[in-house]
Amino acid sequence: MLTLLISVMGYSYGLFDIYAETYEDEGEECQYGNNLKHIEKLVYSFIDTNKNFSESKWKNHSIGGEKALFDSDNNICAYYIELMKNDMKCGYVILEANAPWNIIEYSYEDESFLEIAEEKVEEDYNIDKNKQKVYYLGGINYAVSGKNDNGKKIYVDVSTKDIKKLSKKKLQNINRENSNFLNKGKASFKSRPNGEGDSFITSPGSYESGYDTYKSNNIKNYNITYKTMSQFSSGGVCAPTAATNLLFYWYNRDKRKYKSLLDTSWFNTFKLMSKYMKTSEKNGTLDKNVANGYKKYISHHGFSVSAKFHSGTSKGKKIVSVIDGGKPCHLILHGHYMYEDHSVLAVGYQQYIYEHWYGDTYQTYIRIADGWTSKASRFVWGGCKGSWNYVYVELK
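Fair warning: this is a prediction, and the values are worked out from it, not measured in the lab.

**Quick notes on the nonpolar core**
Piece 1. Tyr 226, Tyr 294, Ile 298, Leu 331, Ile 366 and Val 393 are the most contacted members of the largest nonpolar core, which totals 60 residues.
Piece 2. For this core, the element with the highest residue contribution is helix α8 (residues 238-253), accounting for eight residues.
Piece 3. Aside from chain neighbours lying at most four places away, what touches Tyr 294 is Ala 242, Ala 243, Leu 246, Met 273, Met 277, Ser 299, Val 305, Ala 307, His 330, Val 391 and Val 393.
Piece 4. Core analysis: the next-biggest nonpolar cluster, separate from the first, contains 21 residues, Ala 117, Tyr 125, Tyr 142 and Ile 154 among them.

Written as structure tokens, this is what we have:
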């Protein structure tokens, strides 16, 4: 964190000049943002928000550039902040211009949609890229204005890949339709789950708004009473507990078919899983031993089995595919703000999709049986700091 602050502090004095630019609008100058303290607050607020993101590509980044975005009344409503790493672009964040500085959107791509749009407007409408004014109109609506070679003021809708001219009145109408969104948090991302907080996620919808598509799914009969670590032992026994819960799930789903998964008692099942996974109450279970533990136990109890370890989950999207296939999944968390290094059973998800012509953004929350409580009522967010691995288990 110290390195990050130093890089921004070293850049702070340059912000004044960048934000002292003016734009001509219908013959009037629109001066904006020469309040250095306000801008510093914005930058530091972004850094604080950035704690929630786990992408290594953003580590040790610096601020590469900034741009104010306007509403149709020429008020600054958002800021576009470009991120750099090793003199290379590594993404951007768009933040509301007013407290609580909600994130409107962000990306890890080298080239942003805004850069692409500005270049296309320059090419198609002869508006110098350096003289364009950018509008954020709420939701995922953006526009660009400027004067062409003939001195004519042009407004261009860049919200989709199919950029097209629009009238000033149309621009104002779009902004008016979305005017309540920014103020009420309907179009921008709400504050994400605190990456260094002390609360569990039980209602993902309270963190999301303005999304275009919502998906959710749970495996069949997921809502059973699961086993907890404290029922079996103390110490680092989360992996065999999660494994026991996976077998317990299949047993309850079809007791006639899967009755042999129970080794006289669930405590005995847990003990065997601990043995096969080489679990230490002091040091826990190595990721590489989880899949082999499943193979040994399940094959010794009369089933053919496929158990494979996977590194990474694409922010939870790979777990979504497993759940959609109707199967639970052994999810391994590392560096999680609540669970630290912990194994859980994934049994469902909620997913919020924000569509844009340059690429959709997915916010994925995985429903889990965490081994701390007996109900699968908690979620983990795919964008949280730390890393995830998983083991896909298929009984044949």
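Now that the structure is up, let's keep going.
**A few points about the packing of α8 against helix α11 (residues 287-300)**
Piece 1. With their axes 11 Å apart at the nearest point, α8 and α11 run at an angle of 45° to one another. Considering the angle they form, α8 stands oblique to α11. You can see that α8 and α11 cross each other, and the crossing is right-handed. In this structure, α8 uses Ala 239, Ala 242, Ala 243, Leu 246 and Leu 247 to contact α11, whose residues at the interface are Val 290, Tyr 294, Tyr 297 and Ile 298.
Piece 2. Per-class residue counts for the contact of α8 with α11 are nine nonpolar, no polar and no charged.

**Some remarks on the pairing of strand β4 (residues 76-85)**
Piece 1. Counting buried positions over the 10 residues of β4 gives eight, a clear majority of the element.
Piece 2. Where β4 lies against strand β5 (residues 88-96), eight bridges are found, and the strand directions are antiparallel. Bridge pairing in β5 links Ala 78 to Glu 96.

**Focus: a positive patch on the surface**
Piece 1. A cluster of basic residues, Lys 275, Lys 278, Lys 288 and Lys 296, forms a positive patch on the protein surface.
Piece 2. Position of Lys 296 relative to the elements: it lies in helix α11.
Piece 3. On the basis of relative accessible area, Lys 296 is assigned to the partly exposed category, the value being 38%.

**Quick look at the confidence of the model for the chain**
Close reading of the predicted structure is inappropriate where its pLDDT is low.
Piece 1. Residues with a pLDDT of 70 or more make up 76% of the chain, whose mean pLDDT is 79.
Piece 2. Every residue in residues 1-37 is under pLDDT 50, and counting partners more than four places away or in other chains gives 71 contacts.

**Looking at the pattern of salt bridges**
Piece 1. One pass over the full model with this rule turns up four salt bridges.
Piece 2. Two residues, Glu 118 and Lys 67, come together in a salt bridge whose shortest N-O distance is 3.4 Å. With Glu 118 in helix α4 (residues 113-125) and Lys 67 in strand β3 (residues 62-70), the pair connects residues that are 51 residues apart, well separated along the chain.
Piece 3. By relative accessible area, Lys 67 is classed as buried at 19%.
Piece 4. Across the salt bridge formed by Lys 120 and Asp 124, the nearest N and O atoms sit 3.5 Å from each other. With a gap of four residues between them, Lys 120 and Asp 124 both fall in helix α4, about one helical turn apart.

Analysis parameters
Residues numbered from 1 in each chain as written. Predicted model: local features only at pLDDT ≥ 70, side-chain atom pairs only at ≥ 80, totals over all residues. Heavy atoms only, no water. Core = buried A, V, L, I, M, F, W, Y, C linked by side-chain atoms within 4.5 Å. Buried < 20%, exposed > 50% of the residue type's maximum accessible area, 1.4 Å probe, protein only. Helix = DSSP H or I, 4+ residues; strand = E, 2+ residues; numbered from the N terminus. Contact = heavy atoms within 4.5 Å. Axes fitted to C-alpha atoms, helices over the stretch in contact; angles between N-to-C directions. Parallel < 35°, antiparallel > 145°, perpendicular 65-115°, else oblique. Left-handed = near helix turned anticlockwise from the far one by under 90°. Nonpolar A, V, L, I, M, F, W, Y, C, P; charged D, E, K, R; others polar. Pairing = 2+ DSSP bridges. Patch = residues over 30% accessible without salt bridge, like charges linked within 9 Å, V, L, I, M, F, W, Y side chains within 5 Å. Areas by Shrake-Rupley, 256 points an atom, 1.4 Å probe, with all protein chains shown as cover. Salt bridge = Lys/Arg side-chain N within 4 Å of Asp/Glu carboxyl O. Lys, Arg positive; Asp, Glu negative; His and termini not counted. Charge placed at Lys NZ, Arg CZ, Asp CG, Glu CD. pLDDT = per-residue confidence, 0-100.

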